Amino acid sequence: MSDIIQLLPDHVANQIAAGEVVQRPASVVKELIENSIDAGATSITLLLKDAGKTLIQVIDDGKGMSPTDARLSFERHATSKIKEAQDLFNLNTKGFRGEALASIAAIAHVELKTKQEDDELGTQIKIEGSEIASQEVISTAKGTSIAVKNLFFNIPARRNFLKSDAIETRHIIDEFQRVALAHPSISFLLHHNNNEVYHLKKSNLRKRIVAIFGTKMNEKLVPINEQTDIITVNGFVAKPEFAKKKRGEQFFFVNNRFIKSSYLNHAVVNAFEGLLESGSHPSYFLYLEVPPNTIDINIHPTKTEIKFDNEKALYAILRATVKHSLGQYNVAPVLDFDRDATLDTPYDYSKKSGSSIPPITVDPTFNPFKTETTNYDEPTITNSSSKNTSTHSYQSNFKKDTGSWEALYTNIDTVEPIQQEQLFESQQENETGKTFQIQKKYLLSSIKSGVVLIHQSLAHQRVLYEEFLENITVKEASSQQLLFPVNISFSSSDIEMIYSIKSDLESAGFMFDEFTKESVVIAGIPTSITESQITFILEQLLDDIKLEVPDTSFSHFDIMAKSFAKSLAIKTGTSLSLKEQENLVNNLFSCKEPNISPFGKSTFKTLALSEIDTIFNK
C-alpha cells in the first residue's frame, strides 16, 4: 500500500487553528486588544462595523513593530511572549501561543500598520486568506493599527453560523468590558457604526466599574481587600439587596486575566448565605493576585479556565474575605453584645434614690353588664327560606340587652344544620365540574375521552406568544401614550442593544423619546402591558438576547414575542378563578400550536379513560 499520511498545507492548518481561536467577531476583538495591552499601550481604540462582520479595527499607542517583526507576526507559533516551555508557568502577558494573528489572517482580509517610536517610517502589510498581498513603507503614528475586514470571507459556512448583529455586538461588548475592567489604567474607546458606545478614561477601579455599568452602580459597591501569603484579593461586591435573578455581573480576574470558575463563584455565593433571596445572584468584581508558578493557564483555547495548585485554600480565603467585608461595612447583620447607650438611665434620674410604687385605683362598682335604661328585644334567629328575610329578622329583633353574655347564644339551636348533601349540591350548581386547579400549578379539565392535565404557566406563555406575534407582525401594534414619560437607567452596553432593536420595539408598540449613554426615555408602551412592567420586560428581553434565545433565521419579532410571553405569563403558585381557568383552557386550544410552549416544552398531557382504568386495574 502507498503512504497515506501527509502534512497539511499551511493555509489549511491555519484555517483549522482558526476554528479554535476565532469562533466569532468577539474572539478577534479579544485577541487584538490583548496584543495591544502586551505592547504597553496606554490608549486603545476599537472600531466596529456591522457587529464586526464588516470591520474590526484596533488602534493603540504601544511600542509597535519593526518591519521584520511585522511580517513574522503572521506566521504560526511566532511570538515574543515566551521562548521555552518553562515560560508557560511564569506568564506575565496575555498572549503566548503565537496563533492569533495567523488564524485571523487565514479567514479575513487584514491590514496592519505599525511603527516603533524611534523609526521615522512605519510598515504596512495587507494579507488576504494567509496570502500576503503587499508590504510597503508608509508614514504612520507610533503604535499599531490592525483592521480585520470581511471576517470568514473564505468560509461561508462559518459566516452563516453567526448570530444577528445585536447578539454578536453583545459578545463583543462582553469581551471589551472584561479587558477594560482588568486594566483601569488604560483608556479605551469603542465605536460601533460610527456611534460612540464607551469612552473610558484612565481611572481607578471603582470609577472604571461605574463608567461601564452606570452611576447607580457606585452606591451598590462594597470594597474587598485581603492580603495573605498565597493570594491577594481586591475588588468589590454588590450589596445583597441589589442581587439579580440573572447572571451577568460576576467577574473574576487572576493576575489581570478574566477567568470563569464555578468553584470560586460558589465561594462568593456561600459568603452571602442568608442574605440573598432564592435564585438570586450577587454581583462582584474580584481581582486575585497569585504567584504565576501556582497556576496553569494553558488548558483552554480561550484562556478563560485556570488550574490552581491550592484551590481549597483559595476557596476558604475568598469566602472568609467576602463575608468579613459584608460584616465590616454593616451590610450583613452581626450580633453586638456591647451596651446600647440609648437604654441607659437618663442623667436627671441617675442621682435619684429609690422610687415609689405607683398607686392602683379600682372601681369596685363597675359592671360591664349593668342594665341601661334602653331596652332591647330578645334576639331571635328565624329559619326563613329567604336569606335577606332572615338577616332582616335578626337585625330587627335584636333590641334588648341580655344582662349577661350567655344571653347572646339563646335560641341558637333554632338554626337548622346544613346537611352535607345540600352543601355538595350547592357546590355542583356553582361549579361546572369541567376544570379544576391542582396545587396552583396545573389545570385538570375533563374531556369526552378522559382528562387533560395542563401546565398553567406554559399554556399561558403559548397563548400570549401567539397574541404578541400576531399583533407585531400581522396587525398594526397599538400603543398607549404615557401621561408622564418613564426614564429607565441601563448600562451603556444595554442602551446600545436597545438602540439596535429600536425599530423592532417600535413595531411592537413602544415609543421612545430620548436615548442617552445611561438611560432611555419611554413615551409609549404596548396596550398589553402596564407601566410597572416596562423595566422588567426590557431587562428580560436583553437577557434573552444575551442568551441567544432566537435562531439565526428569526428576527427580533420572535424573540420579543417569546420574551414578553415569558415575562407576563401566569406564574406557578397563582390561584385562578373558575372563569380564568376556563378562559385559559379555551384560549390554549384556540392556538395554532397548543401542544408546546414558545420554548419547546409540552403544555398539556392527555390521559385517556382506558389509561386511567389501567392504573387502577393493576
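The rules behind each value
Residues numbered from 1 in each chain as written. Predicted model: local features only at pLDDT ≥ 70, side-chain atom pairs only at ≥ 80, totals over all residues. Heavy atoms only, no water. Core = buried A, V, L, I, M, F, W, Y, C linked by side-chain atoms within 4.5 Å. Buried < 20%, exposed > 50% of the residue type's maximum accessible area, 1.4 Å probe, protein only. Helix = DSSP H or I, 4+ residues; strand = E, 2+ residues; numbered from the N terminus. Contact = heavy atoms within 4.5 Å. Pairing = 2+ DSSP bridges. Phe/Tyr/Trp six-rings, centres within 6.5 Å; stacked < 30°, edge-to-face > 60°. Expected span 1.5 Å × (residues − 1). Axes fitted to C-alpha atoms, helices over the stretch in contact; angles between N-to-C directions. pLDDT = per-residue confidence, 0-100. Salt bridge = Lys/Arg side-chain N within 4 Å of Asp/Glu carboxyl O.

Draft legend 1. Structural detail: the nonpolar core. Counting residues in hydrophobic clusters, the biggest one holds 58 residues, and the most contacted among them are Ile 33, Leu 46 and Val 148. Counting residues per element, this core draws most heavily on helix H6 (residues 165–182), at seven residues. Discounting chain neighbours no more than four positions away, the residues touching Val 148 are Val 28, Leu 32, Thr 54, Leu 55, Ile 56, Ile 104, Ala 108, His 109 and Val 110.

Draft legend 2. Quick look at the pairing of strand E2 (residues 55–60). Summarising burial for E2: five of the six residues are buried, a large majority. Where strand E1 (residues 43–49) hands over to E2, the hairpin turn is made up of five residues, of which Asp 50 adopts a positive phi near 55°. Here E2 pairs with strand E6 (residues 143–149) via six bridges, running antiparallel. Its bridge partner lying in E6, Val 58 is registered against Ile 146.

Draft legend 3. Local environment of the packing of aromatic side chains. For the structure shown, the criterion picks out 17 aromatic pairs. The interplanar angle of 50° and the centroid separation of 4.9 Å between the aromatic rings of Phe 252 and Tyr 284 together place this pair among those described as tilted. One end of the pair, Phe 252, is in strand E11 (residues 250–254); the other, Tyr 284, is in strand E13 (residues 284–289), and 32 residues separate them in sequence. Taken as a pair, Phe 252 and Tyr 284 share a single burial class, namely buried. Consider the rings of Phe 253 and Tyr 287, whose centres lie 4.7 Å apart with planes at 15°: the pair is stacked. Here the residue Phe 253 occupies a position in strand E11, and Tyr 287 occupies one in strand E13, the gap between them amounting to 34 residues. A residue is classified by how much of its surface remains accessible, and Tyr 287, at 8% relative accessible area, is buried. An aromatic cluster is present here, built from Phe 213, Phe 251, Phe 253, Phe 258, Phe 285 and Tyr 287 joined pairwise through their rings.

Draft legend 4. The pairing of strand E3 (residues 109–115), seen in detail. A large share of E3 lies buried, amounting to five of its seven residues. Inspection of the sheet shows E3 paired to strand E4 (residues 122–128) by six bridges, in the antiparallel sense. Paired with Thr 114 across the strands is Thr 123, a residue of E4. Judged from the seven bridges that link them, E3 and E6 form a sheet pairing that is antiparallel. The residue of E6 that forms the bridge with Lys 113 is Ser 145.

Draft legend 5. Just H6, in detail. Helix length check: H6, at 18 residues, gives a terminal C-alpha distance of 26 Å against a target of 26 Å (1.5 Å per residue), a fit within 8%. Most of H6 is tucked away, with 16 of its 18 residues classed as buried.

Draft legend 6. Just the sheet that holds E13, in detail. Taken together, five strands build an open sheet; the order of strands is E9-E10-E13-E11-E12 and the sheet is mixed. The two strands at the open ends of the sheet, each matched to only one other strand, are strand E9 (221–227) and strand E12 (257–259). Each neighbouring strand pair of the sheet contributes to a mean axis angle of 20°, computed without reference to strand direction. Relative to E13, strand E10 (residues 232–238) runs antiparallel, the two being bridged by six bridges. In the strand pairing of E13, Gly 235 is matched with Leu 286. Its contacts with the sheet put helix H9 (residues 311–328) on E9, E10, E11 and E13, and the angle it makes with E9 is roughly 135°.

Draft legend 7. Spatial organisation of the confidence of the model for the protein chain. Counting all residues, the mean pLDDT for the protein chain is 79, and 76% of those residues have values of 70 or more. Averaged pLDDT values over the elements of the protein chain bottom out at 40 in helix H11 (residues 420–430) and peak at 96 in E2. A low-confidence stretch, residues 549–554 stays under pLDDT 50, and its non-local contacts, those more than four residues away or across chains, total 10 contacts.

Draft legend 8. Molecular detail of unusual backbone geometry. With phi around 55°, Ala 51 is a residue other than glycine that occupies positive phi space. By secondary structure assignment, the location of Ala 51 is in the loop between E1 and E2. For Ala 51, a relative accessible area of 1% translates into the label buried. Even without being a glycine, Ser 130 presents a positive backbone phi close to 75°.

Draft legend 9. Spotlight on the pattern of salt bridges. Across all of its chains, the model carries 10 salt bridges by this definition. Ionic pairing is found between Lys 149 and Glu 111, a salt bridge with its closest N-O pair at 3.9 Å. On the criterion of sequence distance, the pair formed by Lys 149 in strand E6 and Glu 111 in strand E3 is long-range, its members being 38 residues apart. Among the residues examined, Lys 149 registers a relative accessible area of 35% and is labelled partly exposed. In this structure, Asp 494 and Arg 170 form a salt bridge, with 3.2 Å as the shortest nitrogen-oxygen distance. Residue Asp 494 is located in helix H13 (residues 492–500), and its partner Arg 170 is located in helix H6; the two are separated by 324 residues in the primary sequence. When its relative accessible area of 11% is taken as the criterion, Asp 494 is described as buried. When salt bridges with common partners are traced through the structure, they connect Glu 111, Lys 113 and Lys 149 into a single cluster.

Draft legend 10. Quick look at the sheet that holds strand E21 (residues 519–526). Reading across from one edge, E19-E21-E20 is the order of the three strands in this open sheet, with antiparallel pairing throughout. Only two strands of the sheet have a single neighbouring strand rather than two, namely strand E19 (479–489) and strand E20 (511–515). On average, each strand axis in the sheet is tilted by 15° relative to the strand beside it, whichever way the strands run. One ladder, built from four bridges, connects E20 with E21; its direction is antiparallel. Paired with Phe 512 across the bridge in E21 is Ile 522. Docked against the sheet, H13 engages E20 and E21, running at close to 140° with respect to E20.

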